[in-house]
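# Coordinate analysis (summary)
Take a look at the letters that make up each chain.
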Amino acid sequence: MSIDYEVTLNKLTTPASYSARVKPKNTVVLDDLLTAISASCTLAPSDVAATVMNFITQVKSELLKGNSVHIDGLATFGTSISAKMATPTSDLPVDYQVKVNVNASRGLLDEVRDAANVTRISAPSLAPDLLTLTAVTGTLTSLLVNNTLTLEGDRLSFDPSHNDEGVFFVKVSDGTAVR
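Thresholds applied
- Residues numbered from 1 in each chain as written.
- Predicted model: local features only at pLDDT ≥ 70, side-chain atom pairs only at ≥ 80, totals over all residues.
- Heavy atoms only, no water.
- Pairing = 2+ DSSP bridges.
- Helix = DSSP H or I, 4+ residues; strand = E, 2+ residues; numbered from the N terminus.
- Axes fitted to C-alpha atoms, helices over the stretch in contact; angles between N-to-C directions.
- Contact = heavy atoms within 4.5 Å.
- Salt bridge = Lys/Arg side-chain N within 4 Å of Asp/Glu carboxyl O.
- Buried < 20%, exposed > 50% of the residue type's maximum accessible area, 1.4 Å probe, protein only.
- Parallel < 35°, antiparallel > 145°, perpendicular 65-115°, else oblique.
- Left-handed = near helix turned anticlockwise from the far one by under 90°.
- Nonpolar A, V, L, I, M, F, W, Y, C, P; charged D, E, K, R; others polar.

A few words now on the sheet that holds strand 3 (residues 69-71). The 3 strands are arranged 3-4-5 in an open sheet whose pairing can be described as antiparallel. At either margin of the open sheet sits one strand with a lone partner, and together these are strand 3 and strand 5 (97-104). Across the sheet, the mean angle from the axis of one strand to that of its neighbour is 25 degrees, orientation sign disregarded. Of the strands in this sheet, strand 3, strand 4 (75-82) and strand 5 are in contact with helix 2 (residues 45-64), which crosses strand 3 at around 140 degrees.

What follows is the structure in structure tokens.
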């Protein structure tokens, strides 16, 4: 197996420059990991799931207590606060945010870096690549005015001044398009 990457243009640099961008093959979810762990040991899938879920609960609990959590060989979890205050004695503003920071352990970084094989892939085109479309409000089968959708993918930017770019919904009955 290898890590696939494609070369993309850095739009904000002058002169033009390019960077390598990893193109994930799949997204592995918790259930996939639980199944793999259970298959490689003598624990029942339900025992692995219960242990991992308890582990996640404990990490959250420690973070909420203001502690950092260091998991040897994996990562360190910590919290930070994002806020802008006018003076050193100001209270936190109402729009402050608590964030969770995750830093991979040096061992994990070194092991992945040393064992990784990379393969350059060519992007089939510079056209937008829609990966998911999700209805935040309403449903995808019957869209109404003011429904909210989330689009996720690659190369989804467009110039609003170009009438042929954007997101278009086509009415099945008569083929009319709405931008």
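Moving on, we come to the pattern of salt bridges. In the structure shown here, the tally under the stated rule is 6 salt bridges. Between Arg21 and Glu6 there is a salt bridge, with the nearest N and O atoms lying 3.4 Å from each other. In this pair, Arg21 is assigned in strand 2 (residues 17-22) and Glu6 in strand 1 (residues 3-10), connecting sequence segments 15 residues apart. For Glu6, a relative accessible area of 3% corresponds to the buried category. Overlapping salt bridges bring together Arg106, Asp110, Arg113 and Asp114 as one network.

Moving on, we get to the sheet that holds strand 1. Read across the open sheet, the 3 strands follow the order 2-1-6; overall the sheet is mixed. Looking along the sheet, the strands with just one partner apiece sit at the ends: strand 2 and strand 6 (118-120). This sheet shows a mean twist of 40 degrees between the axes of neighbouring strands, independent of strand direction. Note that strand 1 and strand 6 share 3 bridges and pair parallel. Bridging from a neighbouring strand, Asp4 pairs with Thr119 of strand 6.

Next up on the list: the environment of Leu130. When you line up the elements, Leu130 lands in strand 7 (residues 129-135). Leu130 sits in the partly exposed class, given a relative accessible area of 45%. As for Leu130 and Arg155, which are separated by 25 residues in sequence, their C-alpha atoms are 8.4 Å apart. Contact partners of Leu130, with chain neighbours within four places excluded, come to Leu151, Glu152 and Leu156.

In this section: the packing of helix 1 (residues 30-39) against helix 2. Where helix 1 meets helix 2, the axes come as close as 9 Å, and the angle between the chain directions of the two elements is 125 degrees. Comparing the axis directions of helix 1 and helix 2 gives the class oblique. Regarding helix 1 and helix 2, the two cross each other, and that crossing is right-handed. Judged by residue contacts, Leu30, Leu34, Ile37 and Ser38 of helix 1 engage Pro45, Val48, Ala49, Val52, Met53 and Ile56 from helix 2. Looking at the contact of helix 1 with helix 2, its residues break down into 9 nonpolar, 1 polar and no charged.

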